[in-house]
Amino acid sequence: MLNLVLFGPPGAGKGTQSNLLIKKYKLVHLSTGDILRGEIAAGTSLGLEAKSLMDRGDLVPDEVVIGMISSKLDKNVNANGFIFDGFPRTTEQAKALDILLKEKGTYISSMISLKVSDNELIKRLLERGIESGREDDKNEEIIANRINEYNNKTAPLKQFYSAQNKLSEVEGIGSITEIAERINTVIETI
Ligand code: ADP
């Protein structure tokens, strides 16, 4: 199985690159952000709980997202592999993911981390906010909070995967195709 963690700050291009990778390698895309937005749209109690946190740019509790990922893994037993996009975002989540995958006889193949400067991230997210209407892309204060959450709670995960010799950093500035090629080069060495 090919199990990739696609990593990087908000606006790094994880969703865009995931969509290319799932086609090329026939993987199942698990984006916790997408799953949470689906829960909000469906008006579930989980969605209701998550919405106010997401709108502020705060993280949703670990047990909520871990439970979501666990049930998606159970629903895709015959998958070729998974792309984890926006998950794990805390050390607690990364440890839980290792355990869940181990129970299924598999493991994370690699973490691919997209590198993009803060200025470029803010620019991209504000542009996306105009098109998508996403509440958390609408103002600079919320975006700054998301980047802050990333720097404090999520960026340390690079250390977690690097200690397992699984971290590859990829320059996230350039055209979508250029970045996709850089990612493919990394995957071919796994
Ligand atoms: P982005 O990467 O652009 O910030 P996402 O769609 O991945 O967007 O996430 C949007 C929001 O959903 C986050 O700001 C957070 O509130 C919540 N979220 C998504 N994934 C997680 C996660 N793994 N742990 C906690 N909160 C999450």
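Right above here is the structure, for reference.
Residues numbered from 1 in each chain as written. Predicted model: local features only at pLDDT ≥ 70, side-chain atom pairs only at ≥ 80, totals over all residues. Heavy atoms only, no water.

Peer 1: I'd love a proper account of the overall build of the protein chain, names of residues and values included.
Peer 2: Across its full length, the protein chain carries 9 helices and 5 strands. Relative to its length of 190 residues, the protein chain is compact, with a C-alpha radius of gyration of 16 Å against a globular reference of 16 Å. Taking all 190 residues of the protein chain together, 45% fall into the buried category. Sequence-distant contacts in the protein chain: of pairs separated by 6 or more residues, those separated by 24 or more amount to 72%. Accessible area for the protein chain stands at about 9,600 Å²; split by element, carbon and sulfur atoms hold 50% of it. For the protein chain, the distance from the average position of its 24 positive side-chain charges to the average position of its 27 negative side-chain charges is 4 Å. (Helix = DSSP H or I, 4+ residues; strand = E, 2+ residues; numbered from the N terminus. Rg over C-alpha atoms; globule rule 2.2 N^0.38 Å. Buried < 20%, exposed > 50% of the residue type's maximum accessible area, 1.4 Å probe, protein only. Contact = heavy atoms within 4.5 Å. Areas by Shrake-Rupley, 256 points an atom, 1.4 Å probe, with all protein chains shown as cover. Lys, Arg positive; Asp, Glu negative; His and termini not counted. Charge placed at Lys NZ, Arg CZ, Asp CG, Glu CD.)

Peer 1: Can you tell me about the site of the ligand, naming the residues and giving the values?
Peer 2: In the vicinity of the ligand lie 20 residues, with Thr-32, Arg-37, Asp-58, Gly-86 and Gln-93 positioned nearest. In isolation the ligand has 550 Å² of accessible area, and contact with the protein removes 97% of it. If you map the ligand onto the pockets, it falls in the largest pocket. Classifying every residue of the shell around the ligand gives 7 nonpolar, 5 polar and 8 charged. (Near = heavy atom within 4 Å. 1 Å grid on protein atoms, 1.4 Å probe; cavity = no way out; pocket = protein on both sides within 12 Å on 5 of 7 lines; lining within 4 Å. Sits in = over half its atoms within 2 Å of the grid points. Nonpolar A, V, L, I, M, F, W, Y, C, P; charged D, E, K, R; others polar.)

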